Amino acid sequence: MADIDRATLRDIYTRTMKVNRTDETFRALLMQGKVAVMYYSVRGQELVSAAAMAALDRADYVVCTYRGQGEQTAKGIPIARWWGECLGKVTGTCKGKGGTMHITDPSVGIMVTTGVVGSGLPIANGLAMASQNRGDGRVTLVSFGDGAANIGGFHEALNMAQLYKLPVVFLCQNNRYGEHTAYADHTDSPTIAGRAAGYGMAGVRVDGNDIHQLWPALQAAVARARAGEGPTLIEAMCYRMMGHFFGADFSYMPKDHLAEMQREDPLPKLRQVMLDYQFTAEELDRIVAEIDAEIAAAVDQALAADPPGPEELRIDVYETPLAVAL
Ligand SMILES: Cc1ncc(C[n+]2csc(CCOP(=O)(O)OP(=O)(O)O)c2C)c(N)n1
Ligand SMILES: [Mg+2]
């Protein structure tokens, strides 16, 4: 088992709790009717996205999905700008015109958030090819779900990335469901990771709730990409602990499955690792309290901010705005 140094572990813990507290806050606001937007909870998947972002440099590129809160906040989008975008306000990363499904902030490498299942993989290849051509040393990580692994673009992208040795990390967050369909009902391959061999690519399945498995796999994949040795497919096993989107019924998820998810919850597991590494409970609680204060201020700011005005309609659509009267 590869050891993780304390500073790295603290960083991963901080990012994980930032993702979790953002998720809890968002669901509370929705529950109270204070906001009304689409939100895809990442409860149960916090560690995967947080560790993945910790394995990257700030300049590295990320492509994620509608369930991308973890990548977006853990990569470092300023929290007030993230909330501004989600709530459709001018203070957002896209001036409130993208919303939760289209969060973009190139200043921290969040290049695309897409709602089109599987479309992120070929886009990641494009970003990685640009980096390869420029020789800028950047790695591109694309996060997607188990369901996305059955989209044509997945197969095309893996083949092309391996052929051209593109600096990409394909991170499949296998949360056991594609919308309302369980893994076994949409896929007969025992693993997604095993498909990498079909393209001559390195592929590994890890327990995404166990930092001691997840971290070495992420580090090896990023190092391989950075060294020009090509892409890696990582399948991180995790659980979607909520319905597909906030408010969606999830009574179709069997009770024993729900119980298994509770046992495998990444948060108590990570806290135990932290305690094993001699972090005190007080220090861990203080990290969370600081995150909560930051989120509370960001939410207040976003709620008070203005939505974009009608003059914004034609701006940011074309590079040169069309001179067409509304
Ligand atoms: C091309 C395409 N087909 C279908 C949909 C409808 N759809 C939205 S989310 C989703 C499930 C995707 O599951 P998965 O890839 O496992 O991601 P998860 O939601 O579990 O993170 C589907 C089928 C879509 N958005 N895009
Ligand atoms: Mg899924």
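Structural data are supplied above this passage.
Residues numbered from 1 in each chain as written. Chains lettered and ligands numbered in written order. Predicted model: local features only at pLDDT ≥ 70, side-chain atom pairs only at ≥ 80, totals over all residues. Heavy atoms only, no water.

As a further point, take the packing of helix α2 (residues 46-54) against helix α8 (residues 211-226). Between two packed helices, what matters for the description is the angle formed by their axes and the separation of those axes. Relative orientation of the contacting elements α2 and α8 amounts to 35°, with a least axis distance of 10 Å. In this structure, the crossing between α2 and α8 has a hand that is right-handed. In this structure, α2 contributes Leu47, Val48, Ala51, Ala52 and Ala54 to the contact, and α8 contributes Ile211, Leu214, Trp215 and Leu218. Taken together, the residues that form the contact of α2 with α8 break down as nine nonpolar, no polar and no charged. (Axes fitted to C-alpha atoms, helices over the stretch in contact; angles between N-to-C directions. Helix = DSSP H or I, 4+ residues; strand = E, 2+ residues; numbered from the N terminus. Left-handed = near helix turned anticlockwise from the far one by under 90°. Contact = heavy atoms within 4.5 Å. Nonpolar A, V, L, I, M, F, W, Y, C, P; charged D, E, K, R; others polar.)

Among the seven residues that make up strand β4 (residues 168-174), seven are buried, leaving the element largely enclosed by the rest of the structure. Taking every second residue as pointing to the same face, both faces of β4 are buried, with Val168, Phe170, Cys172 and Asn174 on one and Val169, Leu171 and Gln173 on the other. Of the strand pairs in this sheet, strand β3 (residues 140-145) and β4 are connected by six bridges, and their pairing is parallel. When the sheet's bridge partners are listed, threonine 140 is paired in β4 with valine 168. One crossover worth recording links β3 to the parallel β4 by way of helix α6 (residues 152-163), and it is right-handed. Relative to strand β8 (residues 232-237), β4 runs parallel, the two sharing six bridges. (Buried < 20%, exposed > 50% of the residue type's maximum accessible area, 1.4 Å probe, protein only. Pairing = 2+ DSSP bridges. Right-handed = clockwise from strand over helix to strand, strands pointing away.)

This part covers the coordination of the magnesium ion (ligand 2). Looking at the metal site, the magnesium ion (ligand 2) is ligated by Asp146 (OD), Asn175 (OD1) and Tyr177 (O), spaced 2.0 to 2.1 Å from it. If you list the donors of the magnesium ion (ligand 2) from N- to C-terminus, the spacing comes out as D-x28-N-x1-Y. Of the two residues, aspartate 146 sits in the loop between β3 and α6 while asparagine 175 sits in the loop between β4 and β5 (177-178), which places them 29 residues apart along the sequence. One exposure class covers both aspartate 146 and asparagine 175, and it is buried. (Donors = N, O, S within 2.8 Å, 3.2 Å for Na, K, Ca; no water.)

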